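What follows is each chain in one-letter form.
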Amino acid sequence: MATTITSLEVKRDDLKSARIVSTPVDAAGKTVLKIDRFALTANNITYGAFGDSMSYWAFFPASEGYGHIPVWGYADVIATPADSGLTVGERIYGYFPMASHLVVDAGKVTPKRFVDVAAHRAKLPPVYNVYQRTSADPVYSRAGEALQMLLQPLVMTSFLIADFLDDNAMYGARQVLISSASSKTSLGLAHCLRHLGRADLTVTGLTSAGNIGFVAATKQYDRVVAYDAIGTCDASIPTVYVDMAGSAEVLKSVHGHFRDALTYSCRVGATHVDDIARRVDVPGAKPVFFFAPSQVQKRMADWGPGGLEQRFGARWPGLVAAFEGWMKLDQRHGANAVLAAYQETLAGKQKAETGLVLGFE
């Protein structure tokens, strides 16, 4: 089967340079997924910012010098080998490029899921290679797709960071400081931390002055502080810093203020791509990247089959409720709309309360 794939490609060394391309592909003997819609958030920009160092570019190969930024969304099977175990027309949830289609080598098929066993994905984190069959998901609904694709990848990361810190006794800290406090991953993390049952733990959000009102209104943080007021924080309290912003200046300010009181510095995101911190020498705890798949693998070993899913599932309704009251969907379709939405998100022009859902058709 010949398929023409329309996709958004970005230059790997300059995320601002993006283009729409159409590529003919011979998909004979493979499974073809028509990507219906996907979510785009600041988290996806992080995938691009760390595309080389954390292998995000490797999932969906693109033209020389370009890459496909991964997203989470839904697709329909439009072609598959007769013996694949899949059915034409069925709905799939998973990890996709920003594209109209994805051609996969469907293997390890079960009633609930399958794996893209393509050779180029074999050494990549397994959690990203698994695709869920919605027909076997007892809580799936078409109406709930937007919330699931927008929130689940983000708040799963939130849940895993909170679990990682809890698993390490908060590194002795009594305060967790979270930058980019208006981002969905940060709000999810604040929610998860506040439900760990640690009465002595304070969760403080750092954000821009213009977002103070919005962040405070979500009621997920014990305290909200503007970036230019970091110096007002009590530097005598043992503190963990969770860096969602990736900003060199914010990183320097936090470390410079807390110094030895900073017991752990956890780097997660890069919402501030124009000021991204790469190799910055700072006092206090050395910044360490958090890689969610590593915590997933640890907990799968600790908790056994289904243990992580069960614990996250118990937290999911509360997380959804925390977002439903204020999040507004912005749904757009067409290649030009996808390109424009990407540029807006990269430039930080998307409002914090917006949930962006896109599709090429």
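Residues numbered from 1 in each chain as written. Predicted model: local features only at pLDDT ≥ 70, side-chain atom pairs only at ≥ 80, totals over all residues. Heavy atoms only, no water.

### Looking at the packing of helix H2 (residues 145-167) against helix H7 (residues 307-324)
No. 1: At a minimum axis separation of 10 Å, H2 and H7 run at an interaxial angle of 120°. Considering their axes alone, H2 and H7 lie oblique with respect to each other. In terms of crossing hand, the pair formed by H2 and H7 is right-handed. Where H2 abuts H7, its residues Leu147, Gln148, Leu151, Gln152, Val155, Met156, Phe159 and Leu160 lie against Leu308, Arg311, Phe312, Arg315, Trp316, Leu319, Val320, Phe323 and Glu324.
No. 2: Of the residues that constitute the contact of H2 with H7, the class distribution is twelve nonpolar, two polar and three charged. (Axes fitted to C-alpha atoms, helices over the stretch in contact; angles between N-to-C directions. Helix = DSSP H or I, 4+ residues; strand = E, 2+ residues; numbered from the N terminus. Parallel < 35°, antiparallel > 145°, perpendicular 65-115°, else oblique. Left-handed = near helix turned anticlockwise from the far one by under 90°. Contact = heavy atoms within 4.5 Å. Nonpolar A, V, L, I, M, F, W, Y, C, P; charged D, E, K, R; others polar.)

### Here's the deal with unusual backbone geometry
No. 1: The backbone of Tyr171 sits at a positive phi, close to 50°, despite the residue not being glycine.
No. 2: For Tyr171, the position within the fold is in the loop between H2 and strand S11 (175-178).
No. 3: Of the residues examined, Tyr171 reaches a relative accessible area of 27% and is grouped as partly exposed.
No. 4: At Ser180, a residue that is not glycine, the phi angle is positive and equals roughly 50°.
No. 5: When you line up the elements, Ser180 lands in the loop between S11 and helix H3 (184-194).
No. 6: For Ser180, a relative accessible area of 8% translates into the label buried. (Buried < 20%, exposed > 50% of the residue type's maximum accessible area, 1.4 Å probe, protein only.)

### Focus: the side chain of Glu9
No. 1: Within the secondary structure layout, Glu9 lies in strand S1 (residues 2-11).
No. 2: Taking relative accessible area as the criterion, Glu9 reaches 2% and is therefore assigned buried.
No. 3: In this structure the side chain of Glu9 is engaged in a polar contact, spanning 3.0 Å, whose partner is the side chain of Ser63.
No. 4: In this structure, Glu9 is in contact with Ser17, Ala18, Arg19, Val21, Ala62, Ser63, Tyr66, Gly67 and His68, ignoring residues within four places of it in sequence. (Polar contact = N/O pair within 3.5 Å; in protein donor to acceptor, adjacent residues only side chain to side chain.)

### Examining the nonpolar core
No. 1: Within the largest apolar cluster, 88 residues are counted, with the highest numbers of intra-cluster contacts made by Tyr95, Met98, Leu165, Ile178, Leu193, Val242 and Tyr342.
No. 2: The dominant element in this core, judged by the number of residues it contributes, is H2, at eleven residues.
No. 3: Discounting residues that sit within four places of it in the chain, Ile178 has contacts with Ser186, Leu189, Ala190, Leu193, Val203, Thr204, Gly205, Leu206, Tyr221, Val242 and Met244.
No. 4: Among the nonpolar cores identified, the runner-up in size contains 15 residues, and Leu206, Ala245, Phe258 and Val282 belong to it. (Core = buried A, V, L, I, M, F, W, Y, C linked by side-chain atoms within 4.5 Å.)

### Some points on the sheet that holds strand S12 (residues 202-207)
No. 1: The strand order S13-S12-S11-S14-S15-S16 describes an open sheet built from six strands, whose pairing is parallel. The sheet is open, and its two borders are formed by strand S13 (223-226) and strand S16 (288-289), each paired with just one other strand.
No. 2: Of the strand pairs in this sheet, S12 and S13 are connected by four bridges, and their pairing is parallel. Bridging from a neighbouring strand, Thr204 pairs with Arg223 of S13.
No. 3: Sitting on the sheet, H3 touches S11, S12 and strand S14 (239-243), and the angle it makes with S11 is about 170°.
No. 4: The sheet contacts of helix H5 (residues 248-258) involve S11, S12, S14 and strand S15 (262-267), and relative to S14 the element is tilted by about 175°. (Pairing = 2+ DSSP bridges.)

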